[in-house]
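Per-entry structural report
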Amino acid sequence: MNATTDATPNSSALSSPAHHAPRLLSGLYATGVPATLAEHLRHYGPSAPGTRTSPMSVVEAVEAAGLTGRGGAGFPTARKLRAVAERGGRAVVVVNAMESEPASRKDEFLLTVAPHLVLDGAVLAARTVSADTVHLCLPRTRAAQFEQLSAALDERRRARLDPVRLRLHALPHTYVSSESTSLVRWLNGGPARPQGSPPHTHERGVARRPTLVSNTETFAHLALIARYGPDWFQQAGTPDEPGTLLVTVSGAVAAPGVLETAFGTPLDVILDRAGGRTESLQALLLGGFGGTWLSAEHLQVPLARCNLAPLGAAPGAGVLIALPRAACGLSETARMLAYLAANGARQCGPCRFGLPAVAEDFAALAAGRADPALLSRLLRRVGLLPDRGACRHPDGAAQLAASALRAFADDVDRHLAQGACAAAHRPPRIPVPPAVLPETWR
Amino acid sequence: MNPANRAKTLRIDRIACTGQGLCGELLPELIDLDEWGYPIVKDRSVPDHLRAHARRAAAACPLLALHLDADRT
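Residues numbered from 1 in each chain as written. Chains lettered and ligands numbered in written order. Predicted model: local features only at pLDDT ≥ 70, side-chain atom pairs only at ≥ 80, totals over all residues.

1. Some words on the overall build of chain A
Under the convention used in this document: Secondary structure counts use DSSP, requiring at least four H or I residues in a row for a helix and at least two E residues in a row for a strand, with both numbered from the N terminus. Values of the radius of gyration come from C-alpha atoms, whereas the globule rule sets the reference at 2.2 Å times the count of residues to the power 0.38. Whether two residues are in contact depends on their C-beta atoms, placed from the backbone: they are in contact if these lie within 7 Å.
For chain A, the helix and strand inventory stands at 17 helices and 9 strands. Since a compact globule built from 442 residues should have a radius of gyration of about 22 Å, the 22 Å found for chain A is in line with a globular shape. By its C-alpha atoms, chain A is 70 × 45 × 35 Å across when sized along the principal axes. The contacts of chain A with a sequence gap of at least 6 include a subset with a gap of at least 24, amounting to 72%.

Encoded structure:
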């Protein structure tokens with residue numbers, strides 16, 4: 001991973017807007033190691049409010065900055081804060097560090113290198129919405145991270161830093177357990193499965209209290225906005241989408257990993273920063289398993305909502321997977337769909353029947369054993385996945401399937417006419433977790 | 001305005017629904033069924049002349065998964 005190391009938020013970045021200067025990761029690049037509380041405070045300075053900023057002005061600063069959620073949906077963070085704050089009464093804050101997307105590592109990485117930046121942001125958010133408790137939700141599979149964060153929380157307790165309770169939880173790890181209502185349901189003693197609404201989480205969530213659930217990275221940005229202000233935040237990114245985001249790059253690049261980039265950075269520039277391509281590419285999967293395939297002709301497109309929307313894509317949670325020409329996009333997609341089908345909560349029609357049927361059709365297409373009616377049946381079934389479940393899991397799977405049929409349209413024709421291509425018989429290129437049912441939801 | 005006279009909107013509790021398909025039979029003007037019997041809502045807003053049908057469909061759902069919400073405006 002490479003990045004500029006000269007600009008830190010409390011020195012040059014404040015005066016000279018270096019466009020790609022790291023923010024969330026600047027502490028890491030300055031020291032090369034994960035930050036202890038003392039190092040964190042030395043690097044970023046004390047967390048602002050409590051001293052000179054009132055809770056409501058945090059909302060105003062976040063609104064002026066234009067911060068959006070970094071978990072994938074991109075919802076304006078100020079609106080979320082305000083919705084919870086305006087309910088009145090004791091609220092609850094939940095840090096969503098579940099990161100169930102198999103190709104994403106950014107939340108894990110951020111919590112490893114800058115845990116206190118995330119925690120500062122969560123505590124600030126808690127003060128802003130009058131919460132007395134912050135729940136930090138990790139997947140049970142990340143035991144080492146759990147230990148590390150326990151130590152970080154102990155450090156803060158010893159320093160008497162926070163006016164709120166911080167609680168760490170290890171939840172069952174499935175694709176849909178990262179959905180915000182899954183967290184709320186689990187924290188309330190139930191299974192980590194999506195709940196559906198109404199009531200909305202901001203109205204009645206954990207312990208029936210107004211609840212703010214946000215992605216790990218969003219809280220870290222919030223902590224920096226409170227320190228350096230909205231103008232500083234807007235020095236990176238585009239006017240529509242200010243700021244930086246963490247991306248996880250994998251596939252056919254020389255240095256796969258997590259890096260921080262400004263919104264608006266062209267996709268091929270991001271690939272170059274991840275060491276550059278190791279092979280000729282045919283497509284890029286943007287947004288991960290619930291994301292969108294873009295054929296290689298679109299690699300110059302900036303990573304920004306307005307540029308990606310015409311292509312049916314979005315920045316999402318910043319997952320980029322580079323697929324080489326030597327791979328079969330249909331086979332890779334079929335394996336991902338099988339995983340997504342197995343990982344549904346099986347609560348709603350699309351996850352009980354629609355998604356498994358789509359995965360099966362897709363597997364037949366990839367393997368070159370399609371019946372004559374397959375393509376029209378597959379298109380119809382894919383079209384019936386979105387908007388018909390309690391969560392967006394089927395919608396994401398539909399996006400993956402539909403975009404694969406577009407990006408690999410030539411392969412679809414060939415698979416239908418002549419059977420599976422040669423690449424379909426080679427070992428897969430994208431790591432996919434086993435398509436098995438979750439062992440437990442609790 | 002009296003809530004009873006407000007415009008009505010269909011809402012399906014997707015987790016409660018088990019695809020019995022009665023709603024599609026009682027209210028085909030607004031609800032189709034997929035190949036497994038689960039509802040496909042063609043139009044969420046209920047026109048006045050279908051209000052009684054919609055109410056009947058909601059009452060007939062064995063899982064009580066079909067709801068008729070009064071619009072907030």
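Past the structure itself, the notes keep going.
2. Concerning unusual backbone geometry
All names here are of chain A. Operational definition: Any residue with 12 or fewer other C-beta atoms within 10 Å of its own C-beta is exposed, any with 20 or more is buried, and the rest are partly exposed; the C-beta atoms used are placed from the backbone.
Although it is not a glycine, Arg-346 adopts a positive phi angle of roughly 55°. Mapped onto the secondary structure, Arg-346 falls in the loop between helix 13 (329–342) and helix 14 (349–366). Phi is positive for Asp-387, close to 65°, though the residue is something other than glycine. Inspection of the secondary structure assignment puts Asp-387 in the loop between helix 15 (374–383) and helix 16 (393–407). Taking the number of C-beta atoms within 10 Å as the measure of exposure, Asp-387 has 13 and is therefore partly exposed.

3. Overview of the nonpolar core
Stated formally: Core membership is restricted to buried Ala, Val, Leu, Ile, Met, Phe, Trp, Tyr and Cys residues, and these are joined into a nonpolar core through C-beta atoms within 7 Å.
Core analysis: the biggest nonpolar cluster contains 133 residues, and Leu-284, Leu-337, Val-358 and Ala-401 of chain A have the highest contact counts within it. Residue contributions to this core peak at 9 residues, all from helix 10 (residues 216–233) of chain A. Excluding its chain neighbours within four sequence positions, the residues that come into contact with Leu-284 of chain A are Leu-267, Leu-294, Leu-299, Leu-320, Ile-321, Ala-322 and Leu-323 of chain A. In this structure, Leu-10, Cys-23, Ala-57 and Ala-58 of chain B belong to the second largest nonpolar core, which totals 14 residues.

4. A closer look at the packing of helix 6 (residues 106–113) of chain A against helix 10 of chain A
Residues and elements named next belong to chain A. Formally: A fitted line through C-alpha atoms represents every axis, and for helices the fit uses only the stretch in contact; the resulting angles, taken between N-to-C directions, go from 0 to 180 degrees. For classification purposes, angles smaller than 35 degrees are called roughly parallel, those larger than 145 roughly antiparallel, those between 65 and 115 roughly perpendicular, and all remaining angles oblique. Gly is put with the polar residues, along with every residue not named as nonpolar or charged; the nonpolar set is Ala, Val, Leu, Ile, Met, Phe, Trp, Tyr, Cys and Pro, and the charged set is Asp, Glu, Lys and Arg.
Running from amino to carboxyl end, helix 6 crosses helix 10 at an angle of 45°, the nearest separation of the two axes being 9 Å. One element, helix 6, and the other, helix 10, form an angle in the oblique class. For the pair helix 6 and helix 10, the contacting residues are Lys-106, Asp-107, Leu-110 and Leu-111 in the first and Thr-216, Glu-217 and Ala-220 in the second. Its residues assigned to classes, the contact of helix 6 with helix 10 shows 3 nonpolar, 1 polar and 3 charged.

5. Topic: helix 8 (residues 143–158) of chain A
For clarity, the threshold we go by: Helix span, as expected, comes to 1.5 Å for every residue beyond the first.
For helix 8 of chain A, spanning 16 residues, the distance from its first C-alpha to its last is 23 Å, which sits close to the expected 22 Å at 1.5 Å a residue. The first or second residue beyond helix 8 of chain A is Arg-160 of chain A, which carries a positive phi of 50°.

6. Examining the sheet that holds strand 6 (residues 257–262) of chain A
All names here are of chain A. What counts here: By the convention used here, strands pair only if DSSP detects at least 2 bridges between them.
Taking strand neighbours across the sheet as the criterion, the 5 strands line up as 6-5-9-7-8 in an open arrangement whose pairing is mixed. The sheet is open, and its two borders are formed by strand 6 and strand 8 (292–295), each paired with just one other strand. Looking at each pair of strands side by side, their axes are set apart by 30° on average, direction ignored. Sheet topology note: the strand 5 (residues 244–251)/strand 6 ladder contains 6 bridges and is antiparallel.

7. Quick look at the pairing of strand 7 (residues 281–286) of chain A
Residues and elements named next belong to chain A. Of all 6 residues in strand 7, 6 are buried, a share of seventy percent or more. With 5 bridges joining them, strand 7 and strand 9 (residues 319–324) adopt antiparallel strand pairing. Directly across from Leu-281, in strand 9, lies its bridge partner Pro-324. Two strands pair when backbone bridges link them, and strand 7 and strand 8 are joined in this way by 4 bridges, in the antiparallel orientation. Among the inter-strand pairings, Leu-284 is bridged to a residue of strand 8, identified as Leu-294. Turn length for the strand 7-strand 8 hairpin, with the two strands adjacent in sequence and antiparallel, is 5 residues, and the turn residue Gly-287 shows positive phi of about 100°.

8. As for the pairing of strand 5 of chain A
Residues and elements named next belong to chain A. In terms of residue burial, strand 5 counts as a mostly covered element, since 8 of its 8 residues are buried. Both faces of strand 5 are covered, namely the face carrying Thr-244, Leu-246, Thr-248 and Ser-250 and the face carrying Leu-245, Val-247, Val-249 and Gly-251. Hairpin connection from strand 5 to strand 6: 5 residues lie between these consecutive antiparallel strands. Bridge analysis of strand 5 against strand 9 gives 4 bridges, and the strand direction is parallel. Paired with Gly-251 across the bridge in strand 9 is Ala-322.

9. Structural notes on the UniProt feature "domain: NADH-ubiquinone oxidoreductase 51kDa subunit FMN-binding" (unreviewed entry) in chain A
Rules: UniProt positions are given in the numbering used here, feature names are shortened, and annotations may be inferred rather than shown by experiment.
The UniProt feature table records "domain: NADH-ubiquinone oxidoreductase 51kDa subunit FMN-binding" (unreviewed entry) at residues 62–222 of chain A. Helix and strand shares over residues 62–222 of chain A are 41% and 17% respectively, and the end C-alpha atoms of the span are 7 Å apart.

10. Re the packing of helix 13 of chain A against helix 14 of chain A
Residues and elements named next belong to chain A. The criterion, for reference: Rotating anticlockwise by less than a right angle from the far helix to the near helix defines a left-handed crossing, while the corresponding clockwise rotation defines a right-handed one.
Where helix 13 contacts helix 14, the axes come no closer than 8 Å and their chain directions differ by 155°. Of the possible angle classes, the one that applies to helix 13 and helix 14 is roughly antiparallel. Classified by chirality, the crossing of helix 14 by helix 13 is left-handed. Mapping the contact onto sequence places Leu-330, Ser-331, Thr-333, Ala-334, Leu-337, Ala-338, Leu-340 and Ala-341 in helix 13 and Leu-355, Pro-356, Val-358, Ala-359, Phe-362, Ala-363, Leu-365 and Ala-366 in helix 14. Of the residues that constitute the contact of helix 13 with helix 14, the class distribution is 14 nonpolar, 2 polar and no charged.

11. A word on the sheet that holds strand 1 (residues 8–12) of chain B
All names here are of chain B. Pairing is antiparallel in the open sheet, where 3 strands are placed in the order 4-1-5. Each edge of the open sheet is held by one strand with a lone partner, namely strand 4 (45–46) and strand 5 (66–70). Two strands pair when backbone bridges link them, and strand 1 and strand 5 are joined in this way by 5 bridges, in the antiparallel orientation. Of the residues in strand 5, the one forming a bridge with Lys-8 is Ala-70. Each of strand 1, strand 4 and strand 5 touches helix 2 (residues 51–60); the most contacted strand, strand 5, lies at about 135° to it.

12. Notes on the domain arrangement of chain A
Residues and elements named next belong to chain A. Stated formally: These domain limits were set by an automatic method or by a database of domain assignments.
When the domains of chain A are assigned, the result is domain 1 (12–233), domain 2 (244–324) and domain 3 (329–425). In this structure, domain 1 and domain 3 have C-alpha centres spaced 35 Å apart. Contact with domain 1, which involves 9 residues of that partner, is made by 8 residues of domain 3. Looking at the side of domain 1 that touches domain 3 residue by residue, the class counts come to 3 nonpolar, 4 polar and 2 charged.

13. Here's the deal with helix 7 (residues 115–128) of chain A
All names here are of chain A. The end-to-end C-alpha separation of helix 7 is 20 Å, in line with the 20 Å expected for 14 residues at 1.5 Å each. The buried count for helix 7 comes to 14 of 14 residues, which makes it a mostly enclosed element. At the exit of helix 7 stands Ser-130, carrying a positive phi of roughly 60°.

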